[in-house]
Amino acid sequence: MTSPDTSGTARLLSPADVRRLADRLGVRPTKTLGQNFVIDAGTVRRIVRASGVEADDVVVEVGPGLGSLTLALLPHVSRVTAVEIDPRLAAALPGTVAEHAPGLADRLEVVTADAMRITELPGPAPTALVANLPYNVAVPVVLHLLELLPSLRRGLVMVQAEVADRLAAEPGSRTYGTPSVKAAWYAEVRRAGAIGRNVFWPAPNVDSGLVELRRRAAPATTASREEVFAVIDAAFAQRRKTLRAALASWAGSAPAAEAALRAAGVEPATRGEALGVEAFARIAENRPA
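Remember, predicted model here, so these are calculated numbers, not experimental data.

A. How the structure looks around the sheet that holds strand E5 (residues 128-132). Pairing is mixed in the open sheet, where 7 strands are placed in the order E4-E3-E2-E5-E6-E9-E7. Each edge of the open sheet is held by one strand with a lone partner, namely strand E4 (108-112) and strand E7 (187-195). For this sheet, the mean angle separating the axes of adjacent strands, direction not counted, is 20°. As defined by bridge partners, strand E2 (residues 58-62) adjoins E5 across 2 bridges and the pair is classed as parallel. Across the sheet, residue Val59 finds its bridge partner in E5, namely Ala128. Here helix H5 (residues 138-148) sits on the sheet in contact with E2, E5, strand E6 (154-160) and strand E9 (208-215), set at roughly 15° to E9. Lying on the sheet, helix H7 (residues 178-186) is in contact with E7 and E9; it crosses E7 at an angle near 120°.

B. Structural context of the packing of aromatic side chains. Within this structure, the stated rule accounts for 5 aromatic pairs. Considering the side-chain rings of Phe37 and Trp201, the 6.2 Å spacing of their centres and the 35° angle between planes classify their relative orientation as tilted. Taken together, the residues Phe37 in strand E1 (residues 37-38) and Trp201 in strand E8 (residues 200-201) connect sequence positions 164 residues apart. The residues Phe37 and Trp201 share a single accessibility class, namely buried. Here Phe236 and Phe280 contribute two aromatic rings whose centre-to-centre distance is 6.0 Å and whose plane-to-plane angle is 45°, an arrangement assigned as tilted. With a gap of 44 residues between them, Phe236 in helix H8 (residues 225-237) and Phe280 in helix H12 (residues 277-285) connect regions that are remote in the sequence.

C. Geometry of the pattern of salt bridges. The tally for this structure, following the rule as stated, stands at 19 salt bridges. Its salt-bridge partner being Glu99, residue Arg20 comes within 3.9 Å of it at the nearest N-O pair. With a gap of 79 residues between them, Arg20 in helix H1 (residues 15-25) and Glu99 in helix H4 (residues 87-100) connect regions that are remote in the sequence. With relative accessibility at 39%, the residue Glu99 sits in the partly exposed group. Between Arg154 and Asp57 there is a salt bridge whose closest N-O contact spans 2.7 Å. Of the two residues, Arg154 is situated in strand E6 and Asp57 in the loop between helix H2 (41-51) and E2; the sequence distance between them amounts to 97 residues. On the basis of relative accessible area, Arg154 is assigned to the buried category, the value being 12%.

Here is what the cut-offs are and how they apply
Residues numbered from 1 in each chain as written. Predicted model: local features only at pLDDT ≥ 70, side-chain atom pairs only at ≥ 80, totals over all residues. Heavy atoms only, no water. Pairing = 2+ DSSP bridges. Helix = DSSP H or I, 4+ residues; strand = E, 2+ residues; numbered from the N terminus. Axes fitted to C-alpha atoms, helices over the stretch in contact; angles between N-to-C directions. Contact = heavy atoms within 4.5 Å. Phe/Tyr/Trp six-rings, centres within 6.5 Å; stacked < 30°, edge-to-face > 60°. Buried < 20%, exposed > 50% of the residue type's maximum accessible area, 1.4 Å probe, protein only. Salt bridge = Lys/Arg side-chain N within 4 Å of Asp/Glu carboxyl O.

In structure tokens, the structure reads:
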């Protein structure tokens, strides 16, 4: 493990700092953008520790907001590329870093954009995703970045507790579904802890959870990712139905779905929640012409 570069230090934001910055910018957290700003320095330190980032990592951070997590990351990595959708917050972040971590300001790059719409990022290829993700877009953002940035080796994201459960769920559990299977295409996923409500301003009405992602090779298959994901979407659109019934439209008919399932070694009476991503890949390979 590479030792962190401690030549620069950062003074982390206190609750008073967060409110002062917000007042100065005229920012009021909005539900539309899923803004809940972290006001607890201990929480951002914990996230950085749990992320496992090292001195040579290039981190992409989505939704840096007022900079609480950004400041905690900068002393430990070579670069942070912060993607912020709110132009006021994006414009203010370099100044906040210059004030609180002047020796580390050159490690920050701010991209003013919707993380769901970016097609590339400036600078060196990111190796880690570390973010407090807006609850309303957490899953699509994670999946988009894992697909867009194959250089990502690891990730640690803070999301709504229920979303954390879904991302990390194993086949057969009641929370297992589309997010679980699609995330498993890219990475090994596990729950990495719980976060209470009072570390945020404003406090959300739900708890949060940490999710760790470790990149792994996609399943060996002749089917494309899009083809596999189409099977997953069809299987969970009607999750209470057997796969023979749920995949009827995808395959063209129920008998065709049954034929594809049997060719893939899957019992047609099985439900989607029982299958891992490799089984969905086999089904995609056997879609009727």
